[in-house]
Amino acid sequence: MSRRRFLKCLVGVLSAPLAAFLGWPMLSSLIGPLYRLDKPRFVKVGSLDALPLGMPVSMNFEMPTTDAYIHSNATHSVWVIKHSAAGATVFSPVCPHLGCHYDWYPDARNFICPCHGSVFSVDGKVVAGPSPRPLDTLPSKIENGDLYVMWELFEVGVRGKRAIG
Ligand code: FES
């Protein structure tokens, strides 16, 4: 093999990994969003075992998020009402009126939003106040006693439930 041919082969072999290294960020920015859209992800929230039946419990969980090239964990909370060992309702903590976080008041047996006074029953129905729709449920599943939730945000201030991210 001539020296010239050897150098051509060497440059070809070395440039392939370099091109992959430099091109990966651009490729992942194009493919990444499509991949995430195709694969909605359930995130483990925790065990249902210790939760009381029929009583709303606020549970926090961490979810990996990616913003451009920054990877971090975001902490979210959800309201969980356990119906049985294999069944639970999960509510988004965001009030459907204008997006405040509401709380559970055990004495009143209602969820009450502090911002404009919307009141919701334990099953999420509007009891009073300006909320245009019931509390938003989140997709969930139970595996081996653990609760998994798919985190979503919904448009606030409108009658219909529309996911916005
Ligand atoms: S944001 Fe909850 S009642 Fe207005």
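Computed from a predicted model, the values in this text were never measured in an experiment.

1. So, unusual backbone geometry
The phi dihedral of Arg-109 falls on the positive side, at around 55°, and the residue is not glycine. Here Arg-109 lies in the loop between β5 (103–105) and β6 (110–112). The exposure class assigned to Arg-109 is partly exposed, which follows from its relative accessible area of 42%.

2. Comments concerning the side chain of Arg-133
Here Arg-133 is to be found in the loop between β8 (126–128) and β9 (140–143). Accessibility expressed as a relative area gives 4% for Arg-133, which makes it buried. Engagement of the side chain of Arg-133 in a polar contact is seen with the backbone oxygen of Glu-155, the distance being 2.6 Å. Here Arg-133 is in contact with Pro-96, Phe-120, Val-126, Phe-154, Glu-155, Val-156, Val-158, Arg-159, Gly-160 and Lys-161, once residues within four sequence places are set aside.

3. Notes on the pattern of salt bridges
Within this structure, the stated rule accounts for 5 salt bridges. Here Asp-146 makes a salt bridge to Lys-44, at a shortest N to O gap of 3.3 Å. Taken together, the residues Asp-146 in strand β10 (residues 146–149) and Lys-44 in strand β1 (residues 43–47) connect sequence positions 102 residues apart. Classification of Lys-44 by relative accessible area gives partly exposed; the value is 44%. The salt bridge involving Glu-155 is made with Arg-162; its shortest N-O contact spans 2.9 Å.

4. A word on the sheet that holds β6
In spatial order, the strands read β5-β6-β7-β8; together these 4 strands make up an open sheet with antiparallel pairing. Edge positions in the open sheet fall to β5 and β8, since each of these has one partner strand only. Of the pairings in the sheet, the one linking β6 to strand β7 (residues 119–120) comprises 2 bridges and is antiparallel in character. Counterpart to Ile-112 in the pairing with β7 is Val-119.

5. Notes on the state of the cysteines
Tallying each qualifying case throughout the model produces 1 disulfide. The side chain of Cys-100 participates in a disulfide bridge whose partner is Cys-115; the two sulfur atoms lie 1.9 Å from each other. Here the disulfide of Cys-100 and Cys-115 is left-handed, its torsion about the S-S bond being about -95°. With Cys-100 in the loop between β4 (87–91) and β5 and Cys-115 in the loop between β6 and β7, this residue pair connects regions lying 15 residues apart in the sequence. Classification of Cys-100 as partly exposed rests on a relative accessible area of 22%.

6. A few points about the packing of aromatic side chains
Evaluation of the coordinates by the stated rule reveals 7 aromatic pairs. Ring centres 6.0 Å apart and planes at 80° place the aromatic pair Phe-91 and Phe-111 in the edge-to-face group. Taken together, the residues span a long stretch of sequence, with Phe-91 in strand β4 and Phe-111 in strand β6 at a distance of 20 residues. Among the residues examined, Phe-91 registers a relative accessible area of 2% and is labelled buried. Phe-111 sits in the buried class, given a relative accessible area of 0%. Taken together, the aromatic side chains of Trp-79, Phe-91, Tyr-102, Trp-104, Phe-111 and Phe-120 make up a single cluster linked through ring pairs.

7. Things to note about the sheet that holds β1
Judged by pairing direction, the sheet is antiparallel, and its 3 strands sit side by side in the order β1-β10-β9 without closing on themselves. Where the open sheet ends on each side, the last strands, each with one partner, are β1 and β9. Strand-to-strand, the axes of this sheet are offset by a mean angle of 30°, without reference to chain direction.

What counts and how
- Residues numbered from 1 in each chain as written.
- Predicted model: local features only at pLDDT ≥ 70, side-chain atom pairs only at ≥ 80, totals over all residues.
- Heavy atoms only, no water.
- Helix = DSSP H or I, 4+ residues; strand = E, 2+ residues; numbered from the N terminus.
- Buried < 20%, exposed > 50% of the residue type's maximum accessible area, 1.4 Å probe, protein only.
- Polar contact = N/O pair within 3.5 Å; in protein donor to acceptor, adjacent residues only side chain to side chain.
- Contact = heavy atoms within 4.5 Å.
- Salt bridge = Lys/Arg side-chain N within 4 Å of Asp/Glu carboxyl O.
- Pairing = 2+ DSSP bridges.
- Disulfide = S-S within 2.5 Å.
- Phe/Tyr/Trp six-rings, centres within 6.5 Å; stacked < 30°, edge-to-face > 60°.
- Axes fitted to C-alpha atoms, helices over the stretch in contact; angles between N-to-C directions.

Scope: geometric values only; no functional claims are made or implied.
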